[in-house]
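# Structural overview
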Number of protein chains: 2
Amino acid sequence: MDTRTGLPVVGMIGGGQLARMTHQAAIALGQSLRVLANDVDESAALVAADVQLGSHTDLDALRTFAKSCDVVTFDHEHVPGEHIRALVAAGHKVFPGADALQYAQDKHLMRRRLSELGAPVPRWAPIASAAELVAFGLPAVVKTARGGYDGRGVFVVNDVEEIIDLLASGAELIVEEKVELRRELAVQVARSPYGQVAVYPVVETVQRDGICVEVLAPAPDLAEDVALGAQELAIRIANELGVVGLLAVELFETPAGLVVNELAMRPHNSGHWTIEGARTSQFEQHLRAVLDYPMGDTALAAPAVVMANVLGGPEGGMSIDERLHHLMAAEPGVKVHLYGKQTRPGRKIGHVTALGDDLADCRARAARAGHWLTYGKALEA
Amino acid sequence: MDTRTGLPVVGMIGGGQLARMTHQAAIALGQSLRVLANDVDESAALVAADVQLGSHTDLDALRTFAKSCDVVTFDHEHVPGEHIRALVAAGHKVFPGADALQYAQDKHLMRRRLSELGAPVPRWAPIASAAELVAFGLPAVVKTARGGYDGRGVFVVNDVEEIIDLLASGAELIVEEKVELRRELAVQVARSPYGQVAVYPVVETVQRDGICVEVLAPAPDLAEDVALGAQELAIRIANELGVVGLLAVELFETPAGLVVNELAMRPHNSGHWTIEGARTSQFEQHLRAVLDYPMGDTALAAPAVVMANVLGGPEGGMSIDERLHHLMAAEPGVKVHLYGKQTRPGRKIGHVTALGDDLADCRARAARAGHWLTYGKALEA
C-alpha cells in the first residue's frame, strides 16, 4: 500500500504502451503504476512517476521490484514461468500466475489444453520433422511454440522446402490446418481472484501482414447466438485456465464456426477501443482484476467504435507533431493515443479511435486519422 | 520539444488534481506533462514522470522551470502577474497570459471589465468603508477582490457589523447585489493563440457551502436560446479578454436572465464531467489550446452526464480502499477519479461520473457512489 494515499500499488513488468495506458487508468483509481522497464525511454517510463530499471529475465531485479508492490502483473508474456513461481514462493501476489500464463507463452501447451477442454481449435499437431509435416498435409500453418507475436513465428507453408531451416533449428513447432477464414474476431474477458468475470462485446479484428490494423466494435453482422457463444467460450477458458486479469481470445470465423487462434493474458491491442468505447477500459479492468476489485461495466459507450493502429511510415516528410496538427484539424472527434515511441517503419507507435452511430463513418474517420499520422498526408478518396 | 518523442513539452505550474488529470490527457497525446509542484506528495507529483519542486511565487524557480518547457500553463491562478510577464519577456510562451489572467485573479478588475463589455453582471461596486456598504444596500454579497476560491472570500452580509473586521483589514473589497438565484450554470470554452474557440454544452452546477458538489450536463430544462446565449457570452469573454486555454464562466440564472458570477482560466471543477462525458475532455482541450493545436470535438458522449465531487468525510470508519471496493460493487458503471490526497473533512479528494440516457438515474448513481467514498456506507434511500 502507498502510505501517502492509502491505496494499493500495482507493479507492471515491462514498460511498453500497455503499461503506459495502464498508468493512465491507475491515475483515475488514485494510484500510480509502478513500472519495471528495460530503459528510461520506454513508452511507460516516459510518463510514470515510479519506474525501476531492470530486465524481466533477471530474477534479482524481479524480486526487488515485487517487494515494493501489492500485486505484480505484466505488460507482455515474456517473464519466465520459473521466475513467477519464485516470486509467488516468496509471498508475492503475481497475476496472471505461471500456471495460467504458460498457455499464453507456449502455443503447443495452449493447443493441447484447449483440445482437452473441447474448445474449438483448428486441426493441429506437434511436428519435429519434415516427414511429420508432410503427413499432416500441406498447405498448412507452422508456428513456433514460443516467442512469436505480431505474426512473427507464424509461417504459411505450401512446400516443406520453405521451412527446412526452421525444421533443422531445433525450435519446438506445431502445425495447424489453414482454415477457411471469413474474418478474425476477438473477445476480452477479465477475471478476478475471487472469480468474478466480466466480458466485453465481441469485436472484429482486421489484420495485415500478421499485425492487427483495425478493430470494429461490436463485430458487425455477427449473429447474437454466435456472439454469446464466443463470450461464453472466453469465460470458460478464463475459468478453466485460472486466468487472473485480462484474457484476450483471438478467434477465426470459418464456415464451420469459430475456432480459437491465440490467447493473450494482458490488456491487448484488440481491446484498445475500450478506452473510450466501453464504460470501463481494458486497462482499468485489468487493474481491478489483479487487485480483486469488483469488475467494471463492459457496455459499449457508443453504437459503433473503430480503432485503427498507427504504424510508423516511410522516413522523411512531416514531423509527428505536424502530422498530429493535421489529424486534429481534419478529424476533431477522433481520439488519439501516441505511445511516445520513435517512428520506425511498421512499428506500432499509437492508435486512433472513432466513435459514433454509423460503423462505415467511424471506419472512414479512423482510417483518415491513422493515415495522417502514418504518412503525413491525406488519405486519397 | 522532447527529443525522445518529437512532441512538445507542456509545463504546468501547480501540482494539484488539475495537473494530475492534465497529465493523463498529455499521455494520450504522446506527451508527459512537466509539473512544478510545491511538494513530492501533491496529486500530480505522485503520478507524473517529470516533476520539479518549487514555489509558484519564486521567480527563479519559475524561470528554471520555463526553460525546459515549450509552453507553460497553470493548475491554479495564484502565479503573480509580474512573474508571468517576466517569463514572457524572457521569451517563454505562457498561457493564459498575464493580461487575461488578471481577470481571474482579481474580482474587481473582472467586474469592471465585464461591465465595460456590457456583459450581464450583478449590480456591484467597489467598497472601502462601512458607509459605502450601507449606501449600496443590504443584504448584499461582499467579496475580497483577490485570493478567494471555493467560497472563501465571499460573505453574505445582512448587517455591517458582520464584516467590520474585514472592512478594517485593508483588503480590497467589492460588493454585489444578492441576486434572486434560480440555479447556477457554467460554460467551458477553449481558445487557442490562433483564435480558434470551442465551447462545451452549458451545465448546471450545484453548490453546497460555496463548494461545487454536483454538475449536470447538459443543464436540464434550459431553453435553447438561453443556452446559446450563454455559449456566445463565454466565447465573447474569451475573445475580448484574450484568453488562451480553458475559460470557465460561472453563471447565475435569475428571473431577469443570466449574470456572470466568476471566471476561471484553467480546467475547472465544473468541467470534470468532460473526461468521459464529452468527446474531448477539458484537460486535453486545454493542452490543445495552449499548444495551438486544432480544438477537439466538444459534443456530449451520452445524453446525460452527472459529476459528483467526493469530499473527505468524518474521520474513522472504512479505509479509502475498502470504500472504493463497495462503490465498485454497487455501481459498476460509475467512473471514479481519486486524486491521491489524504482525506480531510470537506477536502475535495476525488470525483465520480455517471453517464446514461436518464438524468435522474445518473444523479442517483453518482450520489450513491460519492456517498460510499465520502462516508464509507450506503446512501439511505
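It should be emphasised that the depicted structure is a prediction, and the values quoted were computed from it without experimental measurement.

Counting its secondary structure elements, chain A contains 12 helices and 17 strands. Taking 21 Å as the expected radius of gyration for a compact globule of 381 residues, we find that chain A reaches 21 Å, a close match to that expectation. Projected onto its principal axes, the C-alpha positions of chain A cover 60 × 60 × 45 Å. Buried residues in chain A amount to 62% of all 381 residues. Residue pairs in contact within chain A that sit at least 24 positions apart in sequence constitute 62% of those at least 6 positions apart. Total accessible area computed for chain A in this model is approximately 14300 Å², and 50% of it derives from carbon and sulfur atoms. Separation between the mean location of the 34 positive side-chain charges and that of the 48 negative ones in chain A comes to 3 Å.

Moving on, we get to the environment of alanine 329 of chain A. You can see alanine 329 of chain A is positioned in helix 11 (residues 320-330). For the pair alanine 329 of chain A and alanine 369 of chain A, spaced 40 residues apart in sequence, the C-alpha to C-alpha distance is 9.9 Å.

All names here are of chain A. Per the stated rule, a full pass over the model turns up two aromatic pairs over all chains. Here tyrosine 200 and tryptophan 273 contribute two aromatic rings whose centre-to-centre distance is 6.2 Å and whose plane-to-plane angle is 80°, an arrangement assigned as edge-to-face. Taken as a pair, tyrosine 200 in the loop between strand 10 (197-199) and strand 11 (203-208) and tryptophan 273 in the loop between strand 14 (257-264) and helix 9 (274-277) lie far apart in primary sequence, 73 residues in all. Looking at tryptophan 273, the relative accessible area reads 0%, which means it is buried. Stacked on the ring of phenylalanine 136, the Lys or Arg arginine 123 has its end atom at 4.0 Å from the ring centre.

Another aspect to go through is the pairing of strand 17 (residues 348-356) of chain B. Residues and elements named next belong to chain B. For strand 17, a buried count of nine out of nine residues is recorded, marking the element as mostly surrounded by other parts of the structure. Pairing of strand 15 (residues 304-311) with strand 17, which is carried by eight bridges, proceeds in the antiparallel orientation. Paired with valine 306 across the two strands is alanine 354, which belongs to strand 17. Where strand 16 (residues 335-338) meets strand 17, four bridges bridge the pair, whose relative direction is antiparallel. The residue of strand 17 that forms the bridge with histidine 337 is histidine 351.

Quick look at unusual backbone geometry now. Along the chain, phenylalanine 95 of chain B connects to proline 96 of chain B via a cis peptide bond; the corresponding omega equals -5°. With respect to the helices and strands, the residue proline 96 of chain B is situated in the loop between helix 3 (81-89) and helix 4 (98-105). Put simply, alanine 217 of chain B and proline 218 of chain B share a cis peptide bond, and its omega is -10°. The backbone of aspartate 292 of chain A sits at a positive phi, close to 60°, despite the residue not being glycine. Tracing the chain through its elements places aspartate 292 of chain A in the loop between helix 10 (282-290) and strand 15 (304-311).

Another aspect to go through is the packing of helix 3 of chain B against helix 4 of chain B. All names here are of chain B. Where helix 3 meets helix 4, the closest approach of the two axes is 10 Å, and the angle between their N-to-C directions is 165°. Put simply, helix 3 runs roughly antiparallel to helix 4. Both helix 3 and helix 4 take part in a crossing whose hand is right-handed. Between helix 3 and helix 4, the residues in contact are Gly81, Ile84 and Arg85 and Ala98, Asp99, Leu101 and Gln105, respectively. Partitioned by chemical class, the residues of the contact of helix 3 with helix 4 number three nonpolar, two polar and two charged.

Here we take up the domain arrangement of chain A. Interfaces are often sized by the accessible area lost when the parts come together. Domain assignment breaks chain A into domain 1 (10-94), domain 2 (123-177) and domain 3 (183-375). Of note, the centres of domain 2 of chain A and domain 3 of chain A, computed from C-alpha atoms alone, are 29 Å apart.

Glancing now at helix 5 (residues 107-117) of chain A. Residues and elements named next belong to chain A. Of the positions making up helix 5, those classed as buried are Lys107, His108, Met110, Arg111, Leu114 and Leu117. The N-cap of helix 5, judged by a side-chain oxygen 2.8 Å from the amide nitrogen of histidine 108 a few residues on, is aspartate 106. At the exit of helix 5 stands glycine 118, carrying a positive phi of roughly 75°.

Residues and elements named next belong to chain B. Per the stated rule, a full pass over the model turns up 32 salt bridges over all chains. One salt bridge in this structure joins lysine 143 and glutamate 176, with 3.1 Å as the shortest N-O distance. Of the two residues, lysine 143 sits in strand 6 (residues 140-144) while glutamate 176 sits in strand 8 (residues 173-177), which places them 33 residues apart along the sequence.

This brings us to a nonpolar patch on the surface. On the surface, Val40, Val51 and Leu53 of chain B cluster together into a nonpolar patch covering about 240 Å² of accessible area. Tracing the backbone shows valine 40 of chain B in the loop between strand 2 (34-37) and strand 3 (50-53).

This part covers the relation of the copies chain A and chain B. Under the fitted operation, chain A is carried onto chain B by 0.0 Å of movement along the axis and a turn of 180°, and the coordinates agree to an RMSD of 0.0 Å. Such a combination of turn and shift is consistent with a two-fold rotation axis. Taking C-alpha positions as the reference, the residue of chain A nearest the rotation axis is alanine 49 of chain A, at 2.0 Å.

Residue and element names in this part refer to chain A. The sites that UniProt annotates as "binding site: ATP" (unreviewed entry) are Lys107, Lys143, Glu176, Glu177, Lys178, Val179, Glu184, Asn261 and Glu262. Here glutamate 177 lies in strand 8 (residues 173-177). Classification of glutamate 177 as partly exposed rests on a relative accessible area of 32%. With residues up to four places along the chain from it excluded, the contact list for glutamate 177 reads Pro122, Arg123, Phe136 and Val141. For glutamate 177, the side chain forms a polar contact with the main-chain nitrogen of arginine 123, separated by 2.7 Å.

Analysis parameters
- Residues numbered from 1 in each chain as written.
- Chains lettered and ligands numbered in written order.
- Predicted model: local features only at pLDDT ≥ 70, side-chain atom pairs only at ≥ 80, totals over all residues.
- Heavy atoms only, no water.
- Helix = DSSP H or I, 4+ residues; strand = E, 2+ residues; numbered from the N terminus.
- Rg over C-alpha atoms; globule rule 2.2 N^0.38 Å.
- Buried < 20%, exposed > 50% of the residue type's maximum accessible area, 1.4 Å probe, protein only.
- Contact = heavy atoms within 4.5 Å.
- Areas by Shrake-Rupley, 256 points an atom, 1.4 Å probe, with all protein chains shown as cover.
- Lys, Arg positive; Asp, Glu negative; His and termini not counted.
- Charge placed at Lys NZ, Arg CZ, Asp CG, Glu CD.
- Phe/Tyr/Trp six-rings, centres within 6.5 Å; stacked < 30°, edge-to-face > 60°.
- Lys NZ or Arg CZ within 6 Å of the ring centre and 35° of its normal.
- Pairing = 2+ DSSP bridges.
- Axes fitted to C-alpha atoms, helices over the stretch in contact; angles between N-to-C directions.
- Parallel < 35°, antiparallel > 145°, perpendicular 65-115°, else oblique.
- Left-handed = near helix turned anticlockwise from the far one by under 90°.
- Nonpolar A, V, L, I, M, F, W, Y, C, P; charged D, E, K, R; others polar.
- Domains from an automatic or database assignment.
- Polar contact = N/O pair within 3.5 Å; in protein donor to acceptor, adjacent residues only side chain to side chain.
- Salt bridge = Lys/Arg side-chain N within 4 Å of Asp/Glu carboxyl O.
- Patch = residues over 30% accessible without salt bridge, like charges linked within 9 Å, V, L, I, M, F, W, Y side chains within 5 Å.
- Least-squares fit on C-alpha atoms with pLDDT ≥ 70 in both.
- UniProt positions renumbered as here; feature names shortened; annotations may be inferred.

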